[in-house]
Amino acid sequence: MTPALAAAVALLAGAALAAQVVLSRLVAVALWQPYAVLIISLALLGIGASGTALALIGGRLRAAPASVFALAAAGFAVSLPAAAALIGGVGFNPLEVIWDWGQQLRLAGLCVVLAVPFACAGFAIGLVLSRFGARAGLTYFADLVGAGLGALATAGWLATRPAEQAVPLVAAAGALAAGLAVLATPGRVRPVRLAAAALLTAALGLGPAAAPVPSPYKPEQVALTAPGAARLATRSSPLGALTLIASPEVPLRHAPGLGLTARAVPPPQLGLFRDGLGPAALPLAGPDPAAAGLGYLEDQIAAVAYHLDLPAEPAVLVLGLGGGVEVLRALRLGATRVDVLEPDRALAALVAAAGAHDAAAARPLADPRVRLIHAAPRRAIAIATRRWDLVVASPETGVGRAPAGLDAAAATPLGTVEAVRDLLDRLTERGAIVLTLGLDTPPRASLKAVATAHAALAARGVPAPADHLAVIHGWDTATLIVTRAPLTAAGRTGIARFAETYAFDPAHLPGASTSGHGPINQAGTLSLAEGVGAVIAPDAAADFRAAYKFDLAPATDDRPYAALTATPRLVPDLPALFAQGGLTLIDGGVVILVAACVITTALGGLAILAPLAARRHEAPIAPGHRGWTIGFFLSIGFGFMFVEIAAIERLAVRLGVPLDALAIVLGVMLVSAGLGAGVSRRLVPRVGRPGVAAAAAAVALGLAIRLAMPVPPDPLIGPVTVDPVGLDLVGLGAVALAMGLPFPLAVRLLARDAPGLVPWAWAINGCASVSGAVLAALVALFAGTVAATAAAAGLYAVAALVAAAAIPPPAASAPG
Amino acid sequence: MIVITLVTALVIAVTLGGPAGAADAPVARAAERARMIDTITAIAAQTRVAGATGIERAVLDAIAQVPRHELVPANVAPHAYDDRPLPIGYGQTISQPYIVALMTDLLAVGPGDRVLEVGTGSGYQAAVLAALGCTVFTIEIVPALARRAAGDLARIGSQAVTVRQGDGYFGWPDQGPFDAVVVTAAASHIPPPLVAQLKPGGRMVIPVGPPFYVQHLVLVAKAADGSVTTRRLLPVRFVPLTGRR
């Protein structure tokens, strides 16, 4: 294999990974994030299918690997822009999938189209792997390092630029890979022909970068149907595409949690949307927080924070900027200092610049009392030296939550027991955390939040956590108050009076009965008061949680999903809910993830079995090697993805920005594993059963050590400050170095003893990587990242056992 | 044979696919409407929302009178009587028939009542209320939807419905107070002007959920003394929650 071909492999692998991330973003913008997981997972099966195709027809093509590579890479370059352009253009409406079976055909068609570029890339790289099996370490090195660098470059691009603008560049990288492969073609290539081919490919690949067509049912698109509504500004950020919308003729008036007795009407607002979801409101009430138009801020349920027993001029920490409403509320209600923790610089810039678009826009960041903190939220809190009287978060401090629990699978770094405990540590003695969230029916995420706060108080050694908690609710929102010290009589009175004034119901107030009078806001099933009472009852909470239909276990850093409440106990209800169109009552994102797991596993299984079925009438290729090949490559394929997904989820909690976590983990893991693959030939010059088994066993051991050495939650401050994130990544890189060994060693062995099975091994690895990623995500959701890592260790141990027990000695195997 | 096939296809297309003429509106697809009523009745009997054992007969009769297929775009008209929501353009949907029946039932209105609807959409909910004998005032943000609904409602003979294009947030003070209010547009809160325009003893219904799905219904009741209470209702069967009840 020439250096030019190795470079082409690296470039194409980087482009394929970039395509994966970019297309995921485009689907998320056009549709919803969970559907991006589903659609891109299915599309990635193209890589597995390419292995199947190689196993079936690759033999004839292996004679000219560089030429075929060039053609396949050119196919990637041409098909990627076409596939990207079709997202949102095929009329697929995921919201109708339950109702309209025809939508499933559109979904299948979209997945097939999106699979083409991945199939092209997979075919090209798989062909090189099978043709140069003896140099598998070099091919795998190029593949992984290229992919790792591609992940870092893509994340860097998406931090500031729209995803659609990356499509031509990624396609061009594919075209360049094709050009490099042409250079690697033996014999003389006529320069004119080469130039023409490169130009044609580049011209096709570098088509216009069309923005994806968003679903007309996304809130931003619905807002734009109002007469005169228009986008004022857009910005890209690692957390998604932000837009600022004005609707002068039919003004936006967004005020979740407004009391039933409120007399003040919210003023017209600008709307902030992220990936078409939202809005977060930016009031058009002028720069003064005391303006009459902002009177409604005092009538919303989140305003209860300012009726607690606090200093007259509290210091406030706002968790998330949103449109600045919570900042304005704090300023209006007397805060002497307001810190805003917002990791998204693009959002802050958009809010700060809103006044340039509309002079009436409020200016929450212009007040000298306000300080904006751009940092990873957990780190910022861990190292904070300030103390706050109030920490507040509400639906208005975020932008773009998906409807119907679709975002249940999203990590919530500040919604875990550990995070709440850290926040309590940063409060003044009379301080409180005040969290407002949407009220669900039946109650679940709200009860889970109460359980999490209760567990955090218990973790701090509070003897009676219930005395530190209060909950009030309206018809669509609930507010949870968590105090560092037991709620004082003045605090309880303040909460009760506020609730009475604005027609909210106390669901839990220490020392007060919540059933003294009829509730103003009744729940149809279990009342929030009943639920909260059961969740915090000292002697019966465990039984209640165990029997409840939804998962109410506190969110932890290991399972940081505050909105995730689905449990297997819901399964008996699914048919009836499906028939009645009530599936949205459970976590929609999880349902989609389960569907993705089932479909990718089924299709992946077919792709793996297809070569065997197609050749059932022929003499089997290396029958002694089939068993261990499927067992070994499935195990390491799944194992690799379990480590990867667990590490991404773990880092996402620390950083608060999932895209950054993805880029860093992929960068560290793939480059490290690539380096491992690159030195595999030197480490193990003569490949055989012991080497393959030992490599897999080494990974299992490394993962076991990683599990046994938990990373400290806070920075280790000493002569040198050690960041736990950096420490974690060093450990991950070390394990990943070993993870780069098993695949190339096993491929080299196959290339020597059963070369006809190398493409099949590529197909198995490709399919396992896809369904493994989805399955790993489910394991992380329901069992935690530690369990996912432990499962990975187990899978590598299985791979080691399979290799040790089932790889036949060289003499016993027939060359394929 | 070919001619017969073409004629048959044409008849099917006219019956199922395109808007029927005003003359045949009352009878067209009556059998499908009857089946739809049966479905609504069956779901309501299973679900028992707010303790009710079913939908009031008057509501079902009103639904049976309204040619739903006349109020949806031609491309979805074949599915007009399926128990499912349908897209009507502009990011809007026409609700599942069972949900329309349930909402109408919860409003507890009858002949002579004045009803305000915020979010006209297809005009179907307004037509059902009109068929109950109510006088309906309905407001739609999207001009094209407002025009289309006004035209369709006039064509099917829903004379008691007045459609206005504009901002529904402030209600329709000139025509208030109302015996009932339906808010089918997405609402982050209950607009104070709508509460103010609700008569004492009046009811307001708000469906909550993403397009194509209703997660729950919020029933707002204004007592004789002007105080307001809310009740969240699940439109689907989902019991028991703890497995021990």
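Residues numbered from 1 in each chain as written. Chains lettered and ligands numbered in written order. Predicted model: local features only at pLDDT ≥ 70, side-chain atom pairs only at ≥ 80, totals over all residues. Heavy atoms only, no water.

## Brief notes about the overall build of chain B
Right, on to step 1. When its secondary structure is counted, chain B shows seven helices and nine strands.
Right, on to step 2. When contacts within chain B are restricted to residue pairs at least 6 apart in sequence, those whose partners lie at least 24 apart make up 55%.
Right, on to step 3. Summed over its atoms, the accessible surface of chain B is roughly 9700 Å², and 59% of this surface lies on carbon and sulfur atoms. (Helix = DSSP H or I, 4+ residues; strand = E, 2+ residues; numbered from the N terminus. Contact = heavy atoms within 4.5 Å. Areas by Shrake-Rupley, 256 points an atom, 1.4 Å probe, with all protein chains shown as cover.)

## A look at helix H5 (residues 124–131) of chain B
Residue and element names in this part refer to chain B.
Right, on to step 1. H5 sits mainly inside the fold: seven of its eight residues count as buried.
Right, on to step 2. Residues Tyr124, Gln125, Ala126, Ala127, Val128, Leu129 and Ala130 constitute the buried set of H5.
Right, on to step 3. Glycine 133 occupies a position one or two residues after H5 and carries a positive phi of about 100°. (Buried < 20%, exposed > 50% of the residue type's maximum accessible area, 1.4 Å probe, protein only.)

## A few points about the sheet that holds strand S1 (residues 230–237) of chain A
All names here are of chain A.
Right, on to step 1. With antiparallel pairing, the four strands of this open sheet are ordered in space as S1-S2-S3-S4. A single partner strand is all that each edge strand has here, and the edge strands are S1 and strand S4 (277–283). Along the sheet, successive strands turn relative to each other by an average axial angle of 25°, direction set aside.
Right, on to step 2. The sheet contact formed by S1 and strand S2 (residues 240–246) spans seven bridges and is antiparallel. Note on S2: the bridge partner recorded for arginine 231 is isoleucine 245.
Right, on to step 3. Packed onto the sheet, helix H10 (residues 345–352) meets S1, S2, strand S3 (269–274) and S4 and runs at close to 150° relative to S1. (Pairing = 2+ DSSP bridges. Axes fitted to C-alpha atoms, helices over the stretch in contact; angles between N-to-C directions.)

## Describing the nonpolar core
Right, on to step 1. Counting residues in hydrophobic clusters, the biggest one holds 219 residues, and the most contacted among them are Ile39, Phe69, Phe76, Phe632 and Phe633 of chain A.
Right, on to step 2. Leave out the neighbours within four places in its chain, and isoleucine 39 of chain A touches Val27, Leu31, Phe92, Leu107, Leu110, Cys111 and Leu114 of chain A.
Right, on to step 3. In this structure, Ile88, Tyr124, Val128 and Ile156 of chain B belong to the second largest nonpolar core, which totals 51 residues. (Core = buried A, V, L, I, M, F, W, Y, C linked by side-chain atoms within 4.5 Å.)

## A closer look at the pattern of salt bridges
Right, on to step 1. In total, this model carries 27 salt bridges over all chains according to the counting rule given.
Right, on to step 2. Between glutamate 396 of chain A and arginine 329 of chain A there is a salt bridge, with the nearest N and O atoms lying 3.6 Å from each other. One end of the pair, glutamate 396 of chain A, is in the loop between strand S8 (388–393) and helix H13 (417–425); the other, arginine 329 of chain A, is in helix H9 (residues 325–332), and 67 residues separate them in sequence. Both residues of the pair, glutamate 396 of chain A and arginine 329 of chain A, belong to the buried class.
Right, on to step 3. Between lysine 199 of chain B and aspartate 179 of chain B there is a salt bridge, and its shortest N-O distance comes to 3.2 Å. With lysine 199 of chain B in strand S7 (residues 198–208) and aspartate 179 of chain B in strand S6 (residues 178–183), this residue pair connects regions lying 20 residues apart in the sequence.
Right, on to step 4. Here the salt bridges share partners, and the residues they tie into one network are Arg337, Asp339, Arg371 and Arg386 of chain A. (Salt bridge = Lys/Arg side-chain N within 4 Å of Asp/Glu carboxyl O.)

## Things to note about the interface of chain A and chain B
Right, on to step 1. Counting residues at the interface gives 55 residues for chain A, matched by 49 residues for chain B.
Right, on to step 2. Of the roughly 4600 Å² buried at the junction of chain A and chain B (both faces included), carbon and sulfur atoms supply 63%.
Right, on to step 3. Summed over the three residues of chain A that lose the most area to chain B, namely Trp99, Trp475 and Gln580 of chain A, the buried surface amounts to 18% of that side.
Right, on to step 4. On the surface where chain A and chain B come into contact, there are one salt bridge.
Right, on to step 5. With a shortest N-O distance of 2.6 Å, glutamate 96 of chain A and arginine 84 of chain B are connected by a salt bridge.
Right, on to step 6. Going through the elements one at a time, strand S13 (521–522), helix H17 (541–547) and helix H18 (574–579) of chain A are the ones with two or more residues in the side of chain A that touches chain B.
Right, on to step 7. In terms of residue count, the dominant contributor to the side of chain A that touches chain B is H17 of chain A (three residues).
Right, on to step 8. Class assignment of the residues belonging to the side of chain A that touches chain B gives a composition of 34 nonpolar, 13 polar and eight charged.
Right, on to step 9. Sheet topology places S13 of chain A next to strand S9 (residues 228–233) of chain B; two bridges connect them, and they run parallel. (Buried area = accessible area lost by both parts, 1.4 Å probe. Nonpolar A, V, L, I, M, F, W, Y, C, P; charged D, E, K, R; others polar.)

## Digging into the environment of phenylalanine 578 of chain A
Residues and elements named next belong to chain A.
Right, on to step 1. Mapping phenylalanine 578 onto the fold places it in helix H18.
Right, on to step 2. You can call phenylalanine 578 partly exposed: its relative accessible area is 35%.
Right, on to step 3. Considering only alpha carbons, one finds phenylalanine 578 and isoleucine 98, 480 residues apart in sequence, at a separation of 7.4 Å.
Right, on to step 4. Setting aside residues no more than four positions away along its own chain, phenylalanine 578 makes contact with Ile98 and Leu583.

## Quick look at the packing of helix H26 (residues 758–783) of chain A against helix H27 (residues 785–806) of chain A
Residues and elements named next belong to chain A.
Right, on to step 1. As a packed pair, H26 and H27 sit with axes 7 Å apart at the nearest point and diverge in direction by 135°. Considering their axes alone, H26 and H27 lie oblique with respect to each other. For the pair H26 and H27, the contacting residues are Val779, Ala780 and Ala783 in the first and Thr785, Ala787 and Ala788 in the second.
Right, on to step 2. A per-class count over the contact of H26 with H27 returns five nonpolar, one polar and no charged. (Parallel < 35°, antiparallel > 145°, perpendicular 65-115°, else oblique.)

## Focus: the pairing of strand S5 (residues 315–319) of chain A
Residue and element names in this part refer to chain A.
Right, on to step 1. Across the five residues of S5, five count as buried, placing the element largely inside the fold.
Right, on to step 2. Burial along S5 is two-sided: the residues Ala315, Leu317 and Leu319 and Val316 and Val318 are all buried.
Right, on to step 3. When S5 meets strand S6 (residues 337–341), the two strands line up parallel, connected through five bridges. By the bridge assignment, valine 318 is partnered in S6 with valine 340.
Right, on to step 4. At this point the chain moves from S5, through H9, to the parallel S6, and the crossover so formed is right-handed.
Right, on to step 5. Where S5 and S8 come together, three bridges link them in parallel fashion. Along S8, the bridge assignment pairs valine 318 with valine 392. (Right-handed = clockwise from strand over helix to strand, strands pointing away.)

## Things to note about the sheet that holds strand S11 (residues 477–483) of chain A
Residues and elements named next belong to chain A.
Right, on to step 1. The mixed open sheet is built from eight strands, whose spatial order is S7-S6-S5-S8-S9-S11-S10-S12. Since the sheet does not close on itself, it has two edges, and those belong to strand S7 (370–373) and strand S12 (505–508), each with one partner. Each strand axis lies, on average, 20° off the axis of its neighbour in the sheet, ignoring direction.
Right, on to step 2. The sheet strands contacting H9 are S5, S6, S7 and S8, and the helix crosses S6 at an angle near 170°.

## A few points about the confidence of the model for chain B
Any residue range with low pLDDT should be treated as having predicted coordinates unsuitable for detailed reading.
Right, on to step 1. When pLDDT is averaged along chain B, the result is 86, and 82% of the positions lie at 70 or above.
Right, on to step 2. With pLDDT under 50 throughout, residues 1–25 of chain B is counted as low confidence; its partners more than four residues away or in other chains account for 21 contacts. (pLDDT = per-residue confidence, 0-100.)

## Structural notes on the layout of surface pockets
Any space left empty among the atoms is revealed by the rolling of a water-sized probe across them.
All names here are of chain A.
Right, on to step 1. In this model, the largest pocket occupies a volume close to 1200 Å³.
Right, on to step 2. Lining the largest pocket are 46 residues, with Leu38, Val591, Ile592, Ala595 and Ile599 sitting closest to its centre.
Right, on to step 3. When residues of the lining of the largest pocket are traced back to their parent elements, those giving at least two are helix H2 (33–61), helix H4 (102–131), H18 and helix H19 (588–614).
Right, on to step 4. With nine residues, H19 is the single largest residue contributor to the lining of the largest pocket.
Right, on to step 5. For the lining of the largest pocket, the per-class residue count stands at 40 nonpolar, five polar and one charged. (1 Å grid on protein atoms, 1.4 Å probe; cavity = no way out; pocket = protein on both sides within 12 Å on 5 of 7 lines; lining within 4 Å. Points joined across faces, edges and corners; volume = space filled by probe spheres on them.)

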